[in-house]
Amino acid sequence: MTKTVIVLGAGIVGVSTAIHLQRRGRQVVLIDRKAPGRETSFGNAGLIQREGVVPYGFPQQLGLLIRYAFNNRIDAHYHLKALPKQLSFLARYWWHSNAKRHEIISKAYAPLIEHSISEHHDLIEASGAQHLIRKNGWIEVFRTPEKRDAEFSEAERLQREFGVGFDRLDTSDLARLEPDLNLGFVGALKWTDPWSVTNPQALTASYLTYFESLGGRFITGDANSFGRYGAGWKVATDEGPIEADEAVMALGPWAAVATRRLGYAFPLGVKRGYHMHYSAKGDAVLNNTVADTELGYLMAPMENGIRLTTGAEFAALDAPKTPVQLDRAEKVARTVFPLGERLDPEPWMGARPCTPDMMPIIGKAYRHDGLWFAFGHAHHGLTLGPVTGRALAELLTGEKPFIDISAYSPKRFA
């Protein structure tokens, strides 16, 4: 008989996992409380970050930490009352971000990133989503020669060690590529390998349509009802209870709560983030995704306008929105590019699920048979959805995963 699998969570990771399981002969039911791609996968910079082989570490320099403590930056903001519950995660995150440990982590993390473009390409072609993809990389702009030179040096290292492609841009190069930027910059770096997505939610929806064409089902349901049922698993849905032989948890930032009910204690933290779409004034055009790295915001041309994104907010997952970083970013971004009016009724907010060692949790649950995990992708959920889905589906169905995923095993937190 055909084995059945429940996949909990219909973000880019869950949908990709469901596709790869369905392709391998499983009968898959994908379950989420909302439409696919409406939570964390909805709001991001829209980048498939082939260059992102080095995960975002916790700052190590004392002077920078002191500046963050003033809580007035764009790239990071924190809720003071949330810090006591997050101190353990933040301390472990800081420890793993030490230069030597971070280097080891980066080498273990790189195989995921290295296959990000090829695995997305597979699903983009299969789902007919080519119209949502731009293959023109993205640009970091620099305000100081020191930052520019340091980033050029780092890019050279990444090229040597991981085959990452980039171009150095002087001010005239930048003016040619982005004539409507206010050129108060000393240069830029263009990462040439990444692709960008003009509507991340639409990409997830396209993948879902492809999943359904393979015979998979999407049903609205409640992960809070998930639990053991005989030798398998059961969850309540709008179409009644669904039972399956096996289950995959791809619940993003909600995975910590869901797994805790089953006896796990993963040290997941949350980095919240915001975005807003804007029109452009007059005939101004933003041709590339542009990150003002020294201040910590990014502008991306998308179907719904120019998306302005912020850095990380450390707050409780369910705390009310505090989009102060977006207001700060908008004030600066308007001096860089002629942004017009806001196009969204209110700022969008989402939450990135993060582990202290900056690597996702992918693999078999160590307390239960027939349970599998795929979450904790931090800033790279969109980037790593398809590669995660393939590797986990191969593991679940008894194949040898096409990359070594042992470093991402849930057992490292046992």
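Our structure is the block above this text.
The structure displayed is predicted, hence computed values, not measured ones.

**Description of the overall build of the protein chain**
Move 1: Scanning the protein chain from N- to C-terminus turns up 11 helices and 23 strands.
Move 2: Taken against the 2.2 N^0.38 rule, which gives 22 Å for 414 residues, the C-alpha radius of gyration of the protein chain at 21 Å falls within 12% of a compact globule.
Move 3: Once the C-alpha set of the protein chain is aligned to its principal axes, its extents read approximately 65 × 45 × 45 Å.
Move 4: Classification of the 414 residues of the protein chain by burial places 57% in the buried group.
Move 5: Contacts spanning at least 24 positions in sequence make up 77% of the contacts within the protein chain whose residues lie at least 6 apart.
Move 6: A total accessible area of about 17,000 Å² is found for the protein chain, and carbon and sulfur atoms account for 53% of it.
Move 7: One way to put it: in the protein chain the 47 positive side-chain charges average out to a point 6 Å from where the 45 negative ones average out.

**Topic: the pattern of salt bridges**
Oppositely charged side chains are able to pair whenever their charged atoms sit close together.
Move 1: Within this structure, the stated rule accounts for 25 salt bridges.
Move 2: One salt bridge connects Arg33 with Glu39, and the closest N-O pair in it is separated by 3.2 Å.
Move 3: For Asp75, the salt bridge goes to Arg73, with nearest N and O atoms at 2.9 Å.
Move 4: By relative accessible area, Asp75 is classed as buried at 18%.
Move 5: Under the relative-accessibility criterion, Arg73 is labelled buried at 18%.
Move 6: Sharing partners across several salt bridges, the network here consists of Arg24, Glu119, Arg390, Glu394 and Glu399.

What counts and what doesn't
Residues numbered from 1 in each chain as written. Predicted model: local features only at pLDDT ≥ 70, side-chain atom pairs only at ≥ 80, totals over all residues. Heavy atoms only, no water. Helix = DSSP H or I, 4+ residues; strand = E, 2+ residues; numbered from the N terminus. Rg over C-alpha atoms; globule rule 2.2 N^0.38 Å. Buried < 20%, exposed > 50% of the residue type's maximum accessible area, 1.4 Å probe, protein only. Contact = heavy atoms within 4.5 Å. Areas by Shrake-Rupley, 256 points an atom, 1.4 Å probe, with all protein chains shown as cover. Lys, Arg positive; Asp, Glu negative; His and termini not counted. Charge placed at Lys NZ, Arg CZ, Asp CG, Glu CD. Salt bridge = Lys/Arg side-chain N within 4 Å of Asp/Glu carboxyl O.

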